[in-house]
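# Observations on the model geometry
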Amino acid sequence: MAARRWSIVIVVVLAVWMGGYALLSRDPDAVAYRESCVQSAQSTLDGLGTARMATDDGLLSSYRTALDDDAQKLIAQARGQIAGQVPPDSRSAQRRDALLPLLDEAERAYADLMRSQADHDGAARQRATDRIRTLEDQLRDFVDGNR
Amino acid sequence: MRVFLGFDLLDRQILDSEGLPVGNVDDIELAVGEDGVLSVTALLVGAQVWGTRLGGRLGDTIAGMAARMQRRTPAGPIRIPIDQVRETGAAVTLAISRDLLVEPELETWLREHVIVRIPGASADPEADKS
Amino acid sequence: MKRLLGVTLGILTAIGGFVDIGDIVANSEIGARFGTALFWVLPVGVIGICVYAEMCGRVAAHAGRPVFDLVRERLGPRVGLANLSGSYLVTLMTLAAEIGGVALAVQLLSGIDYVLWVPAVAVALWLGLWRLRFETLERLFGLTGLALVVLLVALIAGDTPWSQLAGQALDPVPTEGEDWNSYWYFAIALFASAMTPYEVFFFSSGGVEEHWTRKDLLLARANAFIGFPLGGLLAFGFMGTAAVFFYPNGISVSTLGQAVLPAGLVLGKIGLACAILGVFAATFGAAVETGLSSGYTVAQYFGWGWGKYVPPRRAARFHTVVLLSILASVALLLTMIDPIQLTEYTLILSAVVLPLTYLPILVVANDRDYLGDRVNGKLANFFGMVYLVVIVVAAVAAIPLMIVTGGGQ
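Residues numbered from 1 in each chain as written. Chains lettered and ligands numbered in written order. Predicted model: local features only at pLDDT ≥ 70, side-chain atom pairs only at ≥ 80, totals over all residues. Heavy atoms only, no water.

A word on the overall build of chain B. The helix and strand inventory of chain B stands at four helices and seven strands. Helices and strands in chain B line up, N terminus first, as α-β-β-β-β-α-α-β-β-β-α. The 130 residues of chain B split such that 40% are buried. Of the contacts formed within chain B by residues at least 6 apart in sequence, a portion of 49% connects residues at least 24 apart. When the accessible surface of chain B is totalled, it reaches about 7400 Å², and 57% of it is carbon and sulfur. (Helix = DSSP H or I, 4+ residues; strand = E, 2+ residues; numbered from the N terminus. Buried < 20%, exposed > 50% of the residue type's maximum accessible area, 1.4 Å probe, protein only. Contact = heavy atoms within 4.5 Å. Areas by Shrake-Rupley, 256 points an atom, 1.4 Å probe, with all protein chains shown as cover.)

Take the overall build of chain C next. What chain C contains, in helices and strands, is 16 helices and zero strands. Relative to its length of 409 residues, chain C is compact, with a C-alpha radius of gyration of 20 Å against a globular reference of 22 Å. Dimensions of chain C, computed from C-alpha atoms along their principal axes, come out at roughly 55 × 50 × 45 Å. In chain C, buried positions account for 64% of the 409 residues. In chain C, 83% of the contacts between residues at least 6 apart in sequence involve partners at least 24 apart. Total accessible area computed for chain C in this model is approximately 14200 Å², and 69% of it derives from carbon and sulfur atoms. The positive charge centre, built from 22 side chains, and the negative charge centre, built from 25, are 15 Å apart in chain C. (Rg over C-alpha atoms; globule rule 2.2 N^0.38 Å. Lys, Arg positive; Asp, Glu negative; His and termini not counted. Charge placed at Lys NZ, Arg CZ, Asp CG, Glu CD.)

Bringing the sheet that holds strand β3 (residues 27-32) of chain B into the picture now. Residues and elements named next belong to chain B. The three strands lie next to each other as β3-β4-β5, forming an open sheet whose pairing is antiparallel. Taken across any chain shown, the strands that pair with only one partner, and hence form the sheet edges, are β3 and β5 (78-81). Each strand of the sheet is rotated relative to its neighbour by a mean of 35°, with strand direction disregarded. Summarising the sheet, strand β4 (residues 38-45) and β5 pair through four bridges and their orientation is antiparallel. (Pairing = 2+ DSSP bridges. Axes fitted to C-alpha atoms, helices over the stretch in contact; angles between N-to-C directions.)

On the side of chain A, 28 residues touch chain C, which itself brings 33 residues to the contact. Interface area for chain C against chain A, summed over the two sides, is near 2500 Å², with a carbon-plus-sulfur share of 64%. On the chain C side of the contact with chain A, I251, L261 and K269 of chain C bury the most area, a combined 18% of that side's loss. At the junction of chain C and chain A, the tally comes to zero salt bridges. Summed over the shared surface of chain C and chain A, the number is 10 residue pairs in polar contact (both at pLDDT 80 or more). (Buried area = accessible area lost by both parts, 1.4 Å probe. Salt bridge = Lys/Arg side-chain N within 4 Å of Asp/Glu carboxyl O. Polar contact = N/O pair within 3.5 Å; in protein donor to acceptor, adjacent residues only side chain to side chain.)

Residue and element names in this part refer to chain C. According to the stated counting rule, one finds 25 aromatic pairs over all chains in the structure shown. Ring geometry for Y52 and Y358: centres 4.7 Å apart, planes at 75°, overall edge-to-face. With Y52 in helix α3 (residues 41-63) and Y358 in helix α14 (residues 339-365), this pair connects stretches of sequence that are 306 residues apart. When the ring centre of F134 is taken as origin, the NZ or CZ atom of K308, which lies over that ring, is 4.8 Å away. Directly above the ring of F202 sits K308, whose terminal nitrogen or CZ lies 5.2 Å from the centroid. (Phe/Tyr/Trp six-rings, centres within 6.5 Å; stacked < 30°, edge-to-face > 60°. Lys NZ or Arg CZ within 6 Å of the ring centre and 35° of its normal.)

Residue and element names in this part refer to chain B. Here chain B averages 80 in pLDDT, while 85% of its residues score no lower than 70. Model confidence for chain B, summarised as mean pLDDT per element, is weakest for helix α1 (residues 6-9) at 66 and strongest for strand β1 (residues 13-15) at 90. Contacts for the low-pLDDT stretch residues 126-130, under 50 throughout, to residues beyond four places or in other chains number five contacts. (pLDDT = per-residue confidence, 0-100.)

Quick look at the interface of chain B and chain C now. The partner chain C presents 34 residues to the 35 residues of chain B that form the contact. Between chain B and chain C the total buried area reaches about 3100 Å² when both faces are included, carbon and sulfur atoms providing 57% of it. The tally of links between chain B and chain C comes to four salt bridges. The residue R317 of chain C makes a salt bridge to E107 of chain B at a minimum N-O spacing of 2.8 Å. Inspection of the chain B/chain C interface yields 10 residue pairs in polar contact (both at pLDDT 80 or more).

The subject of this paragraph is the environment of D113 of chain C. Residue and element names in this part refer to chain C. Tracing the chain through its elements places D113 in the loop between α4 (67-110) and α5 (114-131). Looking at D113, the relative accessible area reads 36%, which means it is partly exposed. The sequence separation of D113 and A63 amounts to 50 residues, and the corresponding C-alpha distance is 48 Å.

What follows deals with the packing of helix α2 (residues 29-53) of chain A against helix α3 (residues 61-82) of chain A. Residues and elements named next belong to chain A. Remark: α2 packs on α3, axes separated minimally by 8 Å, with the N-to-C direction vectors making an angle of 160°. With respect to α3, the element α2 is oriented roughly antiparallel. With respect to the hand of their crossing, α2 and α3 are arranged in left-handed fashion. On the side of α2, the interface is formed by Y33, S36, C37, Q39, S40, S43, T44, D46, G47, L48, T50 and A51, while α3 contributes L67, A71, L74, I75, Q77, A78, Q81 and I82. Grouping the amino acids of the contact of α2 with α3 by side-chain chemistry returns 10 nonpolar, nine polar and one charged. (Parallel < 35°, antiparallel > 145°, perpendicular 65-115°, else oblique. Left-handed = near helix turned anticlockwise from the far one by under 90°. Nonpolar A, V, L, I, M, F, W, Y, C, P; charged D, E, K, R; others polar.)

With that out of the way, let us pick up empty space enclosed by the protein. Residues and elements named next belong to chain C. Inspection of every chain in the model, using the stated rule, returns five cavities of 30 Å³ or more. Computed from the structure, the second largest cavity encloses a volume of approximately 60 Å³. Every residue lining the second largest cavity is listed: D20, I21, G22, T94, A97, E98, T196, T343, T346, L347 and S350. Contributions of two or more residues to the lining of the second largest cavity are made by α2 (21-34), α4 and α14. The leading source of residues in the lining of the second largest cavity is α14, at four residues. (1 Å grid on protein atoms, 1.4 Å probe; cavity = no way out; pocket = protein on both sides within 12 Å on 5 of 7 lines; lining within 4 Å. Points joined across faces, edges and corners; volume = space filled by probe spheres on them.)

This is the structure:
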């Protein structure tokens, strides 16, 4: 009987504890939007950076396919995170306006990189890699500036 | 004869004379002796008595299910008379082999209906293990 | 000479056998986000599991019962059942994560989507458990798992800024862009990856099944005390390479492909192949152990027959539980849940459930009825208590931190 009472007490305490924490850290809309933007930029950064590193010739082809697929998923995910969300205020709209060109550019650069690999075009690959490196810096700055 | 106290026995693993597992002491059977003293007369093993001891709705449900699904006669848990117990240590060791005891129905049912149907069931990869 | 070979083999097997998908995921992700700032958690976790494995081994050798056996007896059937439920659930999730890890590794070598490999891996696992001698399985996967040393080789052979890594390790604070919430959240995940519950179930059950004597106990201790730390070193290979390749670029790791990439970049195709093979072996071996452990927990609570050497016909209930556990894991993976994400959740849930596993061990190891005068000495109890406090704190903090950080963002 006592054990039962104790288990109820423990469950209630846990529920209050968790609920309290969740409530205290609930985000208003603008902060949530900012986080979406940051996550989106981070996903793009992850996808691009990994794709760039994986253009190394010393890798197994099946592996590289898998890695490219992962990179593509990350970049698509990034787009999906922002699409359909309406910026709640003007600052959020500004954030989105800074982010979207980066996402567009990322998709283009990634496509160019993949094409250069398929065509075995070394010069094109170098160009794409350089563009990606610049983009990575820009994305990193975006993430750092908007945390 | 040694007197076994309840808490020495309950929830202990039961091993047979060769150290093979028989089950857990799910409950004990008590009887009042001629001198009016309660003593343990048997170990009880089975889902019915375990469910009853567990108590609460969960325990009662399990005990009920186990009773309904039982097909062996006489009905009830597996009963091991206390004089079959050789010693109690970290586990309860019996003086007899488990072949002499009734096999739990679930074990029999699963072996006959599930295990045997899977190819290679009778193979014993450790047959040559010393 | 033959004895020395046997001992070495045992230790090498333990090293390769220590690493599982949880270690790989935790170390890679943390290395990419925190560099080596969470390095200190690794030795803390390794020491913890050594302390408790030693207690389990002693109980197996002197009481002749595996620890979980004694949980029901000590805590009663009701609390014991709650303990069983929690432990079994987490072991099941871990099994699913390991099978997922194996499938991902095969995907990296074959180019075929991991989901198609999941049923094949499950069948291979089941067949291995039924048909192969356990020693064969253990040796095969433990030794092949040593291929993961290639990550350490990549770390040493590459352009590693050692002073930077060391500096960061000695400055255990959140890195740029991280706060204390995510820092402790990942610390708990890394801690849980080292102190995996199924490891002690397995160690303890193995000791009982093999009828460990005092002599065997010494050997088992050597395996654990040398094998586990070196296994932790293997796991560090993932953290170190992630810290060198991903952290400086601000890239976070979320796939197995990324985790092994450094091996390919430094050592080419061979390095990459070794890394993938090592991941395959480590996760498959872990799947074997977890599969058996899922059966052990249930069978030991109910007093059924169990054992890795017991043929299915003689322990039908135990083997059925193992089979059902594997099927449930496959079902979970076929919901297309990302195995890496599943691993992350499993680690946090493991942290919550850790006290259920470790408190009974500490209680039993102090019980004179089971161990006579081989109960814990002052040193074992000191470490045992300290770690128990750490484990409880981690268990309590895990879920709130998960909520606050949104699952690590």
